[in-house]
Amino acid sequence: MSPFLVLAIGIAFIVVTVAVFRIHAFVALMLAAILVGILPSEIHLPDDYPQSYKDMAQKSQVYQALELAGKEFGETAAKIGLVIVLASIIGQCMMDSGAADMITRRFLRMLGENRSALALLGSSFVLSIPVFFDTVFFLLIPLAKAFRIRTGRNYVLYVMALCAGGALTHSLVAPTPGPLTMAETLRIDLGITIIFGILFAIPPAILGGWYFASWLNRKHPIPLRETPGTSLKELEEIVNRPESDLPPFWLSILPVVLPVVLISSFTVVETISKSVEGGLSPAVVETARVIGNKNLALFLSTAIALWILYRQRTGTRFRDILPVLEPAIAAAGVIILITSAGGAFGKMLAYAGISDALQDARSTSGPVMILIAFGIAGLLKTAQGSGTVSIITTSGIMFGVIGDMTLDQLPYHPIYIFLAIGFGSKAFSWMNDSGFWIVCKLSGFTEKETLKTWTLLLAFLGAVGLVEVLVFSSFLDLKFLPWGSAP
């Protein structure tokens, strides 16, 4: 069977099982991984792959596919599982301690009440790095409503600014599951993805979260309505809570900034070492490697977030705050299952021969590869709703295209493929996307109003990001950056 047909069947299987039959994404992805291992005439394993798995083909290809899918699931979980759990704990602690609220207030103070939308944009942009988008939206939507009560206008602007910042970093900046798994799959240094994810997210955030959101606000003046949960009167009390009840700003933002700085530090040191004659001292490079290890960075950030929560709960024993972590760990477990299954699916596609079959596609010009990555991610997002599933699946497919190439053979650094996939996963959000319903119900928008605002905003963000990636990749190949280190 043609690898292209295997690819089409695999994608169609995921879309139908998730979108039509409502099967859990973990089950759908694992079944798809096994399916694409069974369909081709043979499985093509790398030369350095354990011989025992190659010998399984002598028993039956079905048996080989089952074993390989399980192995790749475990390999992916080993790479990203711990980081996802730690990031989830950090987010939970920041919410419960008031650190997230403090970050939002400080942005508001720096920008002024007239720029409340920018305060929400900046807050969601920062908070969605360690915290899942839906959690950030739950956290900040009361503030958007409170700003509307205070100013008497611009409700759509406030909501869209909040959405723009959170949606972008959620799909472009680790340690959220999509970007984290994509970095591991494409074998790109995590520090590089964090730096360029943030840099490339800023222009769409400003253009979308301020200018385009202002246009949506003028075109669709949606009123503030009562929604289930917190009443409008209770919302007025949110902005009046004394700041003395919250942790200081520098401490509140530390769990977000620290891992970004530590993980990125090794990338900076390694790049400098390769660019200077003789390189830096091995001791310096190795020290930076340890300090920049993602597990260590997230462990330190988790410890600080826990201490902040303990500090804010005066008179509480440390062991009494541990139950707060249980929901975060449970939520992380589901994400790990989905991302690991997506990793297995991507690897099984590569073993099905898609890499060899795409020789012509990868030899085309640079823009075509970016458009392919963006298009597949957008198609999957539109069809089955989950941006994370779209990112994980597309990164596996694209690694099948570029995985056995060197930087010299590529038209640019694979970070551009990473960015194209991230922006593509924003392309079209509608009724099959959980984010659509979170924004719709918590904002008090109707379904039609959500399509005219949230859906258009994400399409705009994706389009701006695509243009940004195409322009920069055409004159700045970034091949001086490292690629291909063991994940």
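Residues numbered from 1 in each chain as written. Predicted model: local features only at pLDDT ≥ 70, side-chain atom pairs only at ≥ 80, totals over all residues. Heavy atoms only, no water.

### Focus: a nonpolar patch on the surface
Together, V16, V20, F21, I23, V27 and L31 make up an exposed nonpolar region whose accessible area comes to about 500 Å². The set of elements that each furnish at least two residues to the nonpolar patch consists of α1 (3-20) and α2 (25-38). Following the sequence through the fold, V27 ends up in helix α2. Since its relative accessible area comes to 35%, V27 is described here as partly exposed. (Patch = residues over 30% accessible without salt bridge, like charges linked within 9 Å, V, L, I, M, F, W, Y side chains within 5 Å. Areas by Shrake-Rupley, 256 points an atom, 1.4 Å probe, with all protein chains shown as cover. Salt bridge = Lys/Arg side-chain N within 4 Å of Asp/Glu carboxyl O. Helix = DSSP H or I, 4+ residues; strand = E, 2+ residues; numbered from the N terminus. Buried < 20%, exposed > 50% of the residue type's maximum accessible area, 1.4 Å probe, protein only.)

### A few points about the packing of aromatic side chains
Taken as a whole, this structure holds 14 aromatic pairs when the rule is applied. Feature note: the residues F196, F200, Y412, Y416, F472 and F475 constitute an aromatic cluster, connected by ring pairs. Directly above the ring of Y53 sits K71, whose terminal nitrogen or CZ lies 5.6 Å from the centroid. (Phe/Tyr/Trp six-rings, centres within 6.5 Å; stacked < 30°, edge-to-face > 60°. Lys NZ or Arg CZ within 6 Å of the ring centre and 35° of its normal.)

### Here's the deal with the pattern of salt bridges
Two side chains bearing opposite charge may form a pair once their charged atoms approach each other closely. Counting across every chain of the model gives eight salt bridges. Between E286 and R289 there is a salt bridge; the shortest N-O distance is 3.2 Å. On the criterion of helical spacing, the pair formed by E286 and R289 is a turn pair, its members being three residues apart in helix α13 (residues 282-291). On the basis of relative accessible area, E286 is assigned to the partly exposed category, the value being 41%.

### Describing the nonpolar core
Counting residues in hydrophobic clusters, the biggest one holds 118 residues, and the most contacted among them are F137, M160 and L186. Other than its neighbours up to four places away in sequence, F137 contacts V159, L162, C163, I438, V439, L442 and S443. Core analysis: the second largest hydrophobic core is formed by 34 residues, I11, V36, A341 and I397 among them. (Core = buried A, V, L, I, M, F, W, Y, C linked by side-chain atoms within 4.5 Å. Contact = heavy atoms within 4.5 Å.)

### A few points about the confidence of the model for the protein chain
For the protein chain, mean pLDDT is 83; residues scoring 70 or higher make up 92% of the total. Of all secondary-structure elements in the protein chain, the lowest mean pLDDT belongs to helix α17 (residues 359-362), at 52, while helix α20 (residues 415-424) reaches the highest, 96. (pLDDT = per-residue confidence, 0-100.)

### Quick look at the packing of helix α4 (residues 61-97) against helix α5 (residues 99-111)
Interhelical geometry of α4 versus α5 gives an angle of 70° and a closest axis separation of 4 Å. With respect to their mutual orientation, α4 and α5 come out roughly perpendicular. Where α4 approaches α5, its residues M94, M95 and S97 are matched on the opposing element by A99, A100 and I103. (Axes fitted to C-alpha atoms, helices over the stretch in contact; angles between N-to-C directions. Parallel < 35°, antiparallel > 145°, perpendicular 65-115°, else oblique.)

### Brief notes about helix α6 (residues 116-127)
Between its terminal C-alpha atoms α6 stretches 16 Å, which fits the 16 Å expected from 12 residues at 1.5 Å a residue. Within α6 the residues assigned to the buried category are S116, A117, A119, L120, L121, G122, S123, S124, F125, V126 and L127. (Expected span 1.5 Å × (residues − 1).)

### A look at the side chain of S301
One can find S301 in helix α14 (residues 294-312). Here S301 falls in the buried class, since its relative accessible area comes to 0%. Those residues within four positions of S301 in sequence are excluded, and the remaining contacts are I90, P255, L258 and P259.

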